[in-house]
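Each chain, letter by letter, is given below.
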Amino acid sequence: VYSGTEQAHGTLCAVDRRSVCLDTEQLRLLEMLSVLLTREWEHERLILTLQQENDNLNADVYQDALTAVSNRRALFADLNRALANSQRFQMRVQLAFIDLDGFKLINDRYGHQAGDLFLQQVARRLRNGIREGDFIGRYGGDEFVIFGLCQHNDPDQAQYAWETRLQGQLVGEYSLGETQIDYAGASIGVVTAEPDESAEALLARADHSMYNRKKQRHRDRIQLQS
């Protein structure tokens with residue numbers, strides 16, 4: 001049994017209880033079976049190769065290449081699905097919009113390679129800290145989004161608790177190659193979806209909430225310095 005490169009990968013054998021000499025017709029039959037087995041083996045190998053290439057293509061389409069979390073395209077697809085399911089299960093979607101304060105300064109001071117390492121470590125921390133069933137995606141640049149279904153009767157309290165927990169995951173030391181930084185945290189806006197709210201509207205509200213938190217964090221820093 002040969003591959004397409006004429007490299008032998010196996011042998012087709014005929015076994016009998018008696019010692020016999022194969023005639024020309026029997027040898028021709030074995031050769032034909034060998035060809036059929038070779039074609040079947042190459043067919044199976046081709047299918048496996050195509051499946052792997054398809055998996056890689058899907059990963060490229062729906063996964064952020066740098067951080068290995070879902071990309072913006074996957075985010076919208078899964079958020080629309082989650083909003084539809086929330087109506088069916090009588091639950092609500094809670095969404096956190098995360099903007100990494102000071103990321104431009106990290107890039108400018110330590111270089112883009114350090115910035116990439118920082119984004120990868122942020123994604124890893126967030127991924128390790130999410131609840132089962134939650135979604136995490138990179139919205140773009142230094143922005144991440146996490147969402148999931150919840151049953152809280154007090155959305156404000158749940159939003160504050162989630163923001164505090166996410167902030168705790170991000171604050172702390174990061175190793176960026178030869179550089180160590182002590183990161184003070186991100187601006188996080190957490191909102192809970194209203195009935196029949198679209199993915200675009202929900203993200204816009206979360207972005208607005210995040211921006212208000214960023215302004216508040218900036219005011220707090222100024223007060224501490226004065």
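Residues numbered from 1 in each chain as written. Predicted model: local features only at pLDDT ≥ 70, side-chain atom pairs only at ≥ 80, totals over all residues. Heavy atoms only, no water.

(A) Focus on the pattern of salt bridges. Across all of its chains, the model carries 11 salt bridges by this definition. Linking Asp 108 and Lys 104 is a salt bridge whose minimum nitrogen-to-oxygen distance equals 2.8 Å. Taken together, the residues span about one helical turn, with Asp 108 and Lys 104 both in helix H3 (residues 103-110) at a distance of four residues. In this structure, Asp 108 and Lys 104 share a single accessibility class: exposed. Among the ionic pairs, Arg 131 bridges to Asp 134, the shortest N-O distance being 2.7 Å. Judged by its relative accessible area of 27%, Arg 131 is partly exposed. (Salt bridge = Lys/Arg side-chain N within 4 Å of Asp/Glu carboxyl O. Helix = DSSP H or I, 4+ residues; strand = E, 2+ residues; numbered from the N terminus. Buried < 20%, exposed > 50% of the residue type's maximum accessible area, 1.4 Å probe, protein only.)

(B) Molecular detail of the pairing of strand S2 (residues 135-140). Among the six residues in S2, five count as buried, and that is most of the element. Judged from the five bridges that link them, S2 and strand S3 (residues 143-150) form a sheet pairing that is antiparallel. By the bridge assignment for S3, Ile 136 is matched with Ile 146. Between S2 and S3, which pair antiparallel and follow one another directly, the connecting turn spans two residues, one of which, Gly 141, has a positive phi of 60°. (Pairing = 2+ DSSP bridges.)

(C) Geometry of the packing of H3 against helix H4 (residues 112-129). Interhelical geometry of H3 versus H4 gives an angle of 140° and a closest axis separation of 6 Å. One finds that H3 runs oblique with respect to H4. Each of Phe 103, Ile 106, Asn 107 and Tyr 110 in H3 lies in contact with H4, whose residues at this interface are His 112, Ala 114, Gly 115, Phe 118 and Leu 119. (Axes fitted to C-alpha atoms, helices over the stretch in contact; angles between N-to-C directions. Parallel < 35°, antiparallel > 145°, perpendicular 65-115°, else oblique. Contact = heavy atoms within 4.5 Å.)

(D) Representation of the packing of H4 against helix H5 (residues 155-170) within the structure. It is at 9 Å that the axes of H4 and H5 come closest, and there the two elements cross at 135°. The angle between H4 and H5 falls in the class oblique. The two elements H4 and H5 meet at a crossing, and its hand is right-handed. Residue-level inspection shows Val 122, Arg 125, Leu 126 and Gly 129 of H4 in contact with H5, the latter providing Arg 165, Leu 166, Gln 169 and Leu 170. Its residues assigned to classes, the contact of H4 with H5 comprises four nonpolar, two polar and two charged. (Left-handed = near helix turned anticlockwise from the far one by under 90°. Nonpolar A, V, L, I, M, F, W, Y, C, P; charged D, E, K, R; others polar.)

(E) Representation of the sheet that holds strand S6 (residues 187-192) within the structure. Spatial ordering of the open sheet is given by S2-S3-S1-S6, a layout of four strands whose pairing is antiparallel. Here the strands that pair on one side only, and so sit at the sheet edges, are S2 and S6. Each strand axis lies, on average, 20° off the axis of its neighbour in the sheet, ignoring direction. Pairing between strand S1 (residues 92-99) and S6: six bridges, direction antiparallel.

(F) The arrangement of the packing of aromatic side chains in detail. Using the criterion set out here, one finds six aromatic pairs in the structure. Between Tyr 174 and Tyr 183, the ring centres sit 5.8 Å apart and the planes meet at 90°, which makes this aromatic pair edge-to-face. Among the aromatic residues, those joined into a cluster by ring pairs are Phe 103, Phe 118, Tyr 174 and Tyr 183. Lying over the aromatic face of Tyr 174, Arg 125 brings its terminal NZ or CZ to 3.8 Å of the ring centre. Between the NZ or CZ atom of Arg 131 and the centre of the ring of Trp 162, over which it lies, the distance is 4.7 Å. (Phe/Tyr/Trp six-rings, centres within 6.5 Å; stacked < 30°, edge-to-face > 60°. Lys NZ or Arg CZ within 6 Å of the ring centre and 35° of its normal.)

(G) Structural view of the pairing of S6. In terms of burial, S6 is largely enclosed, as six of its six residues are buried. What you see with S6 is no split at all: Ser 187, Gly 189 and Val 191 on one side and Ile 188, Val 190 and Thr 192 on the other are buried throughout.

(H) Region of interest: helix H2 (residues 72-88). Spanning 17 residues, H2 covers 25 Å between terminal C-alpha atoms, matching the ideal 24 Å at 1.5 Å per step. Within H2, burial applies to Ala 74, Leu 75, Leu 79, Ala 82, Leu 83 and Ser 86. Looking straight down H2, one finds that the buried residues subtend no more than 160° of arc, so they occupy a single side. Counted as exposed and oriented over 90 degrees from the buried face of H2: Arg 73 and Arg 88. (Expected span 1.5 Å × (residues − 1). Arc of directions from axis to C-beta.)

(I) Spatial organisation of the nonpolar core. Counting residues in hydrophobic clusters, the biggest one holds 25 residues, and the most contacted among them are Ile 98, Leu 100, Phe 118, Leu 126 and Phe 144. Sorting the residues of this core by element identifies S1, H3, H4, S3, H5, strand S4 (172-176), strand S5 (179-183) and S6 as the ones contributing at least two each. Tallying contributions element by element places H4 first for this core, with six residues. Residues in contact with Leu 100, not counting those within four places in the same chain, are Phe 118, Leu 119, Val 122, Asp 142, Phe 144, Leu 170, Tyr 183 and Ala 186. Counting 18 residues, the second largest nonpolar core, distinct from the first, contains Leu 75, Leu 83, Val 191 and Ala 199. (Core = buried A, V, L, I, M, F, W, Y, C linked by side-chain atoms within 4.5 Å.)

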